[in-house]
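Examination of the molecular architecture
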Amino acid sequence: MELNKVLLDEFENKDAIIVRNLKVWTPEEKSIWRKVAKPKTVIIDNVSACIREGEFAAIIGPSGAGKTTFLVSLAGKCTLPFEGTVTINGRNVRDLTGAEIVPQFDVFTDSLTVMEQLVFMTEMKLGNSTKQPNKSILNTVIEEFKLSAHVETRIGSLSGGERRLLSLATSFLSNPQILICDEPTTGLDSYNASQVIGILKKLSASGKIVICSVHQPSCDIFKEFNSILLMAEGNLLFHGTQDACKSFFESIDLHCPLNYNPAEFYIRAVSNHNGVCIKKMLENYQDQSLDCDETGLEVNLIYKKPQRNWLKQVQLLLWRSSLSLKSDLKSYVFQLLLSVVVTASVLGTVYSGVTGTTQRGIQDVRGFLWLVTSEVCYGLAYSTLYVFKYEVTLFRREVGMYKCSAYFVSKFLSFIPRCVIWPIALVCTTTVAIELPNHVITTMEFIVVLIFAAIASMAYGLGMSALFTSTGNMGDVMPCFDLPLFLMSGAFLTISTLPIWLYPVKFISHFYYAMDTISNLYWRQILYIDCPVNTTTTCTSSGEAVLYEIGYSNNFLLQNSLGLLLVTTMWGLLGYYGMKREEKKGYAY
Ligand SMILES: Nc1ncnc2c1ncn2[C@@H]1O[C@H](COP(=O)(O)OP(=O)(O)OP(=O)(O)O)[C@@H](O)[C@H]1O
């Protein structure tokens, strides 16, 4: 089945992407460390062009010519300051879904299979993937992009060429009228490169505008393009057919030698700051955007498609997270078993037979409770710490596809199973060794408390991960935050002696709330503690006295439930703010 017959072709008329006086620059950088601000640098300098339907355009030019910046501007995804306009049939490209970009570097969730990736994208971009015509589009894209043999292959195991095809297929699902590819053949062998170019050429022949930047294209690849845009130093020096380009160079006395790669010849001619050549070309450049009449064109455009509803977004993102978790399940189970066995063996050996009914046992039980609590809190916080660092590029590539809040909530929910499994496994195995009053009930109470503490710790880890994603130093920052927070647990400090100015730290410490609850649950059941006769030191005679000495609260259930809720919400909101900040930075290319 032909791709263009199945896809909803809403662009039957001759379309054009028109660039008028486009200027892009880097912002002036001011800093308190620098006396003189770093000046702005112009990357694209007043470029105008008109690229029409059916053009299979190659953007060539030396490194740093501004090709990538030009491409992302064409797709309406440039995050740098700019002037000028990029329009499709008179409408700003930023308001449309008409142009899709395939960046130079592919970013996927590598543990997904090709099919899972395409189903996820179909669901997000088009809607229910099991319903017609979405199912047809999905199947046709798989067929046209030659992915049928790899549908069950994990993305991480695909070859470079197959990854490129998957990238193109993913972008093509929404049926863009304009497909913009940044160096689609870089890093591919000649077979894969010509396969990718062949598919792109076919799309262009079916009425799409296909624009690719190409880095050192071979003669065979270069001759496939029917239109060339030559760039250097942020300027567009030429736009036209292969023959016109040859004639143009000959008109300024530059003749491409026989059997020489023309692309290489053109790039060399304008490289190395060849000011004379660039100047001559700029003088002769004809601004075709002036002839590109958009008023006669029928406006038949796709405005930004509405996103799937929020709950559906959460569900789909959760599904994607669960798929990658499923593929790592074996290593996760192994890790869990190892941690449980090691922790339970160590704690079981050290605390075997410990009871809080003796003076010596008081310190031991306090130590045991602290270790179990900290294992859960640290385990969860650090397991979520790098989540966003690994996913931030993917997240920024998908900006606009779903809400930031849906993404954050789905990440939060995807960790809930760990917050349940880890406390159950740890508490059930470690408490076997020590003597607990009402053993089964107390164990279950500990589990419930530690599940909530684990959720708060996970929120803390996610918050840190999101807040320090861009600096990448969350691993250095977190221990600095950990120190005051775990000091509030009461394991190392008598909380009742805490100066008042440290109270705010106590009230945002999940360690405190967890230890306060778990200690209350244990010590309130210890009604009598042995006091040795003839002792000269003061003797703690009951569990209540232990709680009093440390400074734990009386109204512990209400206070600590609300406290853990507060801490979870606070870190959750901070994490959401961190990801929102990343979202505002815009598309990552
Ligand atoms: N976000 C940015 N901040 C600062 N400078 C930038 C930014 N993006 C691009 N530049 C600079 O703009 C110039 C053009 O970059 P661009 O990536 O568009 O060139 P290119 O022609 O695609 O290069 P290449 O062929 O090497 O990929 C480069 O000098 C680059 O350092």
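Residues numbered from 1 in each chain as written. Predicted model: local features only at pLDDT ≥ 70, side-chain atom pairs only at ≥ 80, totals over all residues. Heavy atoms only, no water.

- For the chain, an unreviewed UniProt entry supplies the name Bm-brown protein and the organism Bombyx mori.
- Per UniProt, the chain has the following entry under Subcellular location (unreviewed entry): "Membrane".
- Quoted straight from UniProt, the Sequence similarities (unreviewed entry) entry for the chain says "Belongs to the ABC transporter superfamily. ABCG family. Eye pigment precursor importer (TC 3.A.1.204) subfamily." (UniProt positions renumbered as here; feature names shortened; annotations may be inferred.)

1. Let's talk about the domain arrangement of the chain
- By the assigned domains, the chain splits into domain 1 (15-287) and domain 2 (367-585).
- The interface of domain 1 with domain 2 comprises eleven residues on the first partner and seven residues on the second.
- Each partner contributes to the roughly 720 Å² buried at the junction of domain 1 and domain 2, and carbon and sulfur atoms together form 67% of this total.
- Summed over the three residues of domain 1 that lose the most area to domain 2, namely V107, M121 and M124, the buried surface amounts to 53% of that side.
- For the interface between domain 1 and domain 2, the tally reads zero salt bridges.
- Taken together, the connections running from domain 1 to domain 2 amount to one residue pair in polar contact (both at pLDDT 80 or more).
- Looking at the side of domain 1 that touches domain 2, its residues break down into seven nonpolar, two polar and two charged. (Domains from an automatic or database assignment. Contact = heavy atoms within 4.5 Å. Buried area = accessible area lost by both parts, 1.4 Å probe. Salt bridge = Lys/Arg side-chain N within 4 Å of Asp/Glu carboxyl O. Polar contact = N/O pair within 3.5 Å; in protein donor to acceptor, adjacent residues only side chain to side chain. Nonpolar A, V, L, I, M, F, W, Y, C, P; charged D, E, K, R; others polar.)

2. A short note on the site of the ligand
- With respect to spatial proximity, the complete set of residues near the ligand consists of T26, I43, P62, S63, G64, A65, G66, K67, T68, T69, L80 and E183.
- Taking S63, its side chain carries an N or O atom lying 3.4 Å from an oxygen atom of the ligand.
- Separating an oxygen atom of the ligand from a backbone N or O atom of G66 is a distance of 3.0 Å.
- Counting residues per element, the shell around the ligand draws most heavily on helix α2 (residues 67-74), at three residues.
- Among the residues making up the shell around the ligand, the classes are represented as four nonpolar, six polar and two charged. (Near = heavy atom within 4 Å. Helix = DSSP H or I, 4+ residues; strand = E, 2+ residues; numbered from the N terminus.)

3. So, the UniProt feature "transmembrane region" (unreviewed entry) in the chain
- Those places that UniProt annotates as "transmembrane region" (unreviewed entry) correspond, in this numbering, to residues 332-355, 367-388, 408-434, 446-468, 480-503 and 556-577.
- Counting secondary structure, residues 332-355 comes out at 79% helix and 0% strand; the distance between its end C-alpha atoms is 34 Å.
- The span residues 367-388 is 86% helix and 0% strand, and its two end C-alpha atoms sit 34 Å from each other.

4. Observations regarding the state of the cysteines
- Tallied over the entire structure, the rule returns one disulfide.
- Sulfur-sulfur distance for the disulfide between C531 and C539 comes to 1.6 Å. Here the S-S torsion is close to -90°, and the disulfide linking C531 with C539 is therefore left-handed.
- You can call C531 partly exposed: its relative accessible area is 31%.
- Judged by relative accessible area, C539 falls into the partly exposed class, the value being 27%.
- As a non-bridged cysteine, C78 has C181 as the owner of its nearest cysteine sulfur, 18 Å distant.
- The thiol sulfur of C480 is not disulfide-bonded, and the nearest other cysteine sulfur, from C377, lies at 18 Å. (Disulfide = S-S within 2.5 Å. Buried < 20%, exposed > 50% of the residue type's maximum accessible area, 1.4 Å probe, protein only.)

5. Structural notes on unusual backbone geometry
- Residue Q132 is joined to P133 through a cis peptide bond whose omega torsion reads 0°.
- Checked against the element boundaries, P133 lands in the loop between α3 (114-125) and α4 (134-144).
- Here the phi dihedral of D253 falls at roughly 70°; this positive angle occurs in a residue that is not glycine.
- Here D253 is to be found in the loop between α8 (242-251) and α9 (262-270).
- The class for D253 is exposed, based on a relative accessible area of 63%.

6. Description of a nonpolar patch on the surface
- Judged by side-chain polarity, F334, L338, V342, V346 and V350 come together as a nonpolar surface patch covering roughly 480 Å² of accessible area.
- Given a relative accessible area of 57%, F334 falls into the exposed group. (Patch = residues over 30% accessible without salt bridge, like charges linked within 9 Å, V, L, I, M, F, W, Y side chains within 5 Å. Areas by Shrake-Rupley, 256 points an atom, 1.4 Å probe, with all protein chains shown as cover.)

7. Some thoughts on the pattern of salt bridges
- A full pass over the atoms with the stated rule returns 14 salt bridges.
- A salt bridge links R320 to E398, with the shortest nitrogen-to-oxygen separation between them at 2.9 Å. Placement of R320 in helix α11 (residues 310-327) and of E398 in the loop between α14 (387-397) and α15 (404-414) is noted, with a sequence separation of 78 residues between them. The same class applies to R320 and to E398, which are both buried.

8. Brief notes about the nonpolar core
- Formed by 143 residues in total, the largest nonpolar core has its most connected members in L200, M281 and W523.
- The dominant element in this core, judged by the number of residues it contributes, is helix α17 (residues 439-467), at 15 residues.
- Structurally, this core is a two-domain feature, drawing no fewer than three residues from each of domain 1 (15-287) and domain 2 (367-585).
- When neighbours within four sequence positions are excluded, M281 is seen to be in contact with L230, L237, F238, F248, F249, I252 and V270.
- The next biggest cluster of nonpolar side chains, apart from the first, holds 32 residues, and it includes V24, V47, A75 and A99. (Core = buried A, V, L, I, M, F, W, Y, C linked by side-chain atoms within 4.5 Å.)

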